[in-house]
Amino acid sequence: MPYVHGSLPFIWGNAIFLSSEVRASGGKDSDPTLAVFRNWRRTIRLWASHDNVYKAAYAALLSSQIKMVFSLTNTSNSDAALLYLSTSFVRNLSIFQAFRTIQILHLDYLAPHSSCLLDHFYRFAIFIKYHSLYLILAIYNSLILTYTAAYRLSPWHPLANYPGPILARLSKFYFVLVCAKGKQHLYYSQLHEIYGDCIRVGPNELSIRDASIIHPVLGSGGLQKGPCTLGSPPPSLIASRDAADHARKRKPWNRAFTSAALKEYEVVITRRLRQLVECIDNSIKESAKEKRGSLVNICAWFEYFATDFMGDMAFGGGFELMRDGGDIGGVWHILEVGFQNITLIAHVPWVLPYAKYFPGSGKDLVRLREFGNVNVAKRLEMGPNRKDLFYYLSGEDGQIERPTNEDLAANGVLAIIAGSDTTSTTLTALFYHLFCNPAMYERLRDEVEKEFPGGEEPLDSTILGQMPWLNACMYVTPFFISSLECEWQQRGSARPDFVSVSEKRGVATTPPVPSGSQRSVLRGAGPKALGKYVIPEQTQLFLNTHGIHRDARNFSMPNSFLPQRWIASEAEKNAASGITVHNTAAFFPFSYGPTVCVGKNLALLEMRFVVSRLIQRYDFQAAPGYDVKQWEDTLCDYFAIQKGPLMIEVTPRN
Ligand code: HEM
């Protein structure tokens, strides 16, 4: 009998699910207990009629359970226990079938159950002498957790045949821990090395390293963005999951990045570039005064430059990191911390509504939002007389109705996040590689001097866009933020202070958005055939950008920084030196399809200006005693790459 009494709350837990089914099928009772009691025959018929073996089994078991409780038959304790356990197990299997995505351990799922159990316990307390409420709750919720774990590891799970680490198959929290260290890109690569091209990296998530499905996954008609994007600043473009909504939101962005619009931005780039050169000159003078040689943290200057420039684009200016020689206003800090939080939350997006309760992260998310709001207000005061990104996004061009301030703030923050970190990372990485590969560096300088002789500022975007070596370097860098080999090492050169970049580190290479962007096969969509893979519904997947780029099946010598692979006219020479495989369809550092990076052309334009001007203006050398290779150790993947200082001796030429 105690099993019968103690089981009443379990039955009530089942009632919650039944009542939601009843309501979904037109039942009117708002109280779940009443709903089930009044409609239980109908509900069970409904469930049993489903073409679902779990639901049918559940219906049968529940029916005997209810009969047993109400008739208070002389069921033996062990029979009763068996019946309850099997009922709750089968019920959970049926729920897992239906809701095997993030909701399964959602607080919205557990909390009402617990509170309903509580309520139910008191209702029945007058009938039963069962005192341990906490025990009931603990058993109930532990059972849910146990069933969840058992199901996720079981051969019945739709992703059971995909290999992957056990902890990752159990819970997404595992990847939250991996991510917190900032090395998820390396971890994904290791997993692909161990388990192969298609691996299970979450209870319902796959990572795929196969270029042949880039088009079916990311191309038009491909998969929808995954719940991961819920972590991005809502309701920004990048957070939009619905294809139609995304296409609508993307229109003003597309208008903001036409060739004509980009031409207008060149003035802003030039102004900021001149300021950058001035700041580096001053920094060199300061270092000389302090007898530190002419040591410059080139990475910091690129971050300041890119943030100031994106501030001009998104909010009409007001960010003056270059002028201040540092992040006095804490802009970079807000963005970096925001990115870190977003990356962690992206793995468990259902915690987003509760994020404000977590120490630290809540405060930072609020700061990020306030930051956007303040800047929107400032830009609105300036009026529509400047043609920046805000001009198009806010409808100042007359093409759309003015969006809400919340929309404008979210998109402005997105532009700064998406546009400054990625560009500064690529610039720093390019200098790092040129610095490690002097022949390539010299070739670039020769090209700049040939096109812009006599110290003429390299500011003609048409010429810059046609310089083969410059553009090959631009292309190869996002693909290639860090390198396993460098020329000094290959040639056994006498520059031991910055050789052997990362030969001991395994695959330490990565594009600016290394782990790719998540996509989903939605619930109810049925299994989706993507090339040779059939992906079950309710599965999230990542195309591992880093792994695909670094795959010798796509690019010969994938670990070598070889811009010449992008120069078609050198195909013969390349083939002779072993560069035979060059699968351009496997190259997607800016993503692909309808959600391809909208700022790609702006990023390339900006970087062409900066690289050619700095190469023309300065000599770069290794600082004595500074081990440049340590820069690679500082790279962290928080959706985009975050990086530490890159110290270089910079000397003005002529
Ligand atoms: C080297 C520089 C850059 C790289 C490597 C890069 C890469 C990417 C990637 C991989 C995505 C994800 C697309 C997806 O979800 O499928 C993306 C999206 C985006 N990027 Fe970039 N990006 C760069 C520079 C910029 C710049 C300068 C801007 C300027 C505002 C920008 C704005 C955006 C926006 C708005 C999106 C969201 C697009 C959408 O969802 O439709 N990016 N970028």
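If you're wondering where the values come from, they're calculated on a predicted model, not measured in any experiment.

## With respect to the overall build of the protein chain
Here is step 1: On a plain count of helices and strands, the protein chain comes out with 26 helices and 12 strands.
Here is step 2: A total of 654 residues make up the protein chain; the buried ones form 45% of that total.
Here is step 3: A fraction of 72% describes how many contacts in the protein chain between residues 6 or more apart in sequence connect residues 24 or more apart.

## A closer look at the site of the ligand
Here is step 1: The ligand sits among 24 residues. The nearest are G419, T422, S591, C597 and G599.
Here is step 2: Elements that contribute at least two residues to the shell around the ligand include exactly α11 (243-256), α18 (405-436) and α25 (600-617).
Here is step 3: Ranked by residues supplied to the shell around the ligand, first place goes to α18 with 7 residues.
Here is step 4: Class assignment of the residues belonging to the shell around the ligand gives a composition of 15 nonpolar, 8 polar and 1 charged.

## Re the confidence of the model for the protein chain
Here is step 1: Model confidence for the protein chain is summarised by a mean pLDDT of 76, while 68% of its residues fall at 70 or above.
Here is step 2: The model gives residues 20-33 a pLDDT under 50, and that stretch makes 21 contacts with residues more than four places away or in other chains.
Here is step 3: Overall fold confidence for the complex sits at a pTM of 0.79, while the interface term, ipTM, reaches 0.98.

## Digging into the sheet that holds strand β3 (residues 224-225)
Here is step 1: The sheet built from 5 strands is open, its strands ordered β1-β2-β8-β5-β3 with mixed pairing. Lying at the two open borders of the sheet, with one neighbouring strand each, are β1 (198-202) and β3.
Here is step 2: Strand direction decides the pairing type here: strand β5 (residues 519-521) and strand β8 (residues 539-543), joined by 3 bridges, are antiparallel. Residue V521 lies in a different strand from β8, and its bridge partner there is T539.

## Remarks on the environment of V650
Here is step 1: In this structure, V650 sits in strand β12 (residues 647-652).
Here is step 2: In this structure, the C-alpha to C-alpha distance between V650 and V351, residues 299 residues apart in sequence, is 46 Å.
Here is step 3: Once residues within four sequence positions are removed from consideration, V650 is found in contact with I280, I284, S294, V296, Y618 and F620.

## Some words on the packing of helix α8 (residues 173-180) against helix α15 (residues 331-347)
Here is step 1: The geometry of α8 relative to α15 is characterised by a closest axis approach of 8 Å and an angle of 160° between their N-to-C directions. In terms of orientation, α8 and α15 fall into the roughly antiparallel class. Judged by the twist between their axes, the crossing of α8 over α15 is right-handed. Across the interface between the two elements, F175, V176, C179 and A180 of α8 pack against T343, L344 and H347 of α15.
Here is step 2: Within the contact of α8 with α15, the residues separate by chemical class into 5 nonpolar, 2 polar and no charged.

## Quick word on the UniProt feature "binding site: heme" (unreviewed entry) in the protein chain
Here is step 1: Mapped onto this structure's residue numbering, the UniProt feature "binding site: heme" (unreviewed entry) falls at C597.
Here is step 2: As for its position among the elements, C597 is in the loop between α24 (571-576) and α25.
Here is step 3: Apart from residues lying up to four places away in sequence, C597 is in contact with F590 and S591.

## Focus on the pairing of β1
Here is step 1: Burial analysis of β1 places 5 of its 5 residues in the buried class, the great majority of the element.
Here is step 2: The pairing of β1 with strand β2 (residues 205-208) spans 4 bridges and is classified as antiparallel. Within the sheet, the bridge partner assigned to C198 lies in β2 and is I208.
Here is step 3: Linkage of β1 to β2, two consecutive antiparallel strands, is achieved through a turn of 2 residues.

## With respect to the packing of helix α12 (residues 259-289) against α25
Packed helix pairs are characterised by how far apart their axes lie and by the angle those axes make with each other.
Here is step 1: The contact between α12 and α25 brings their axes to 10 Å, and the two run at 35°. As for the relative orientation of α12 and α25, their crossing is right-handed in sense. The segment α12 lies against α25, with L262, Y265, I269, L273 and V277 engaging N601, L602, L605, E606, F609, V610, R613 and R617.
Here is step 2: Of the residues assigned to the contact of α12 with α25, the class counts are 9 nonpolar, 1 polar and 3 charged.

## Quick notes on the sheet that holds strand β9 (residues 618-621)
Here is step 1: Pairing is antiparallel in the open sheet, where 3 strands are placed in the order β4-β12-β9. Each having just a single partner strand, β4 (295-297) and β9 make up the two edges of the open sheet. Strand-to-strand, the axes of this sheet are offset by a mean angle of 45°, without reference to chain direction.
Here is step 2: Across 4 bridges, β9 lies against β12 in antiparallel orientation. Bridge pairing in β12 places Y618 opposite P652.

## Some details on the environment of L159
Here is step 1: Following the sequence through the fold, L159 ends up in the loop between α6 (133-153) and α7 (166-170).
Here is step 2: Taking the C-alpha atoms as reference points, L159 and I535, separated by 376 residues in sequence, lie 8.5 Å from one another.
Here is step 3: Contact partners of L159, with chain neighbours within four places excluded, come to R200, N204, L206, P536 and T539.

## Details of α11
Here is step 1: Here α11 is 14 residues long and its end C-alpha atoms lie 20 Å apart, about the 20 Å a rise of 1.5 Å per residue gives.
Here is step 2: Taken as a whole, α11 carries its principal kink of about 35° at R250; the proline P252 stands between one and four residues after it.
Here is step 3: Among the residues of α11, K249, P252 and A256 are the ones counted as buried.

Calculation rules
Residues numbered from 1 in each chain as written. Predicted model: local features only at pLDDT ≥ 70, side-chain atom pairs only at ≥ 80, totals over all residues. Helix = DSSP H or I, 4+ residues; strand = E, 2+ residues; numbered from the N terminus. Buried ≥ 20, exposed ≤ 12 C-beta atoms within 10 Å, placed from the backbone. Contact = placed C-beta atoms within 7 Å. Near = placed C-beta within 6 Å. Nonpolar A, V, L, I, M, F, W, Y, C, P; charged D, E, K, R; others polar. pLDDT = per-residue confidence, 0-100. Pairing = 2+ DSSP bridges. Axes fitted to C-alpha atoms, helices over the stretch in contact; angles between N-to-C directions. Parallel < 35°, antiparallel > 145°, perpendicular 65-115°, else oblique. Left-handed = near helix turned anticlockwise from the far one by under 90°. UniProt positions renumbered as here; feature names shortened; annotations may be inferred. Expected span 1.5 Å × (residues − 1). Bend = angle between axes of the 7 residues up to and from the residue.

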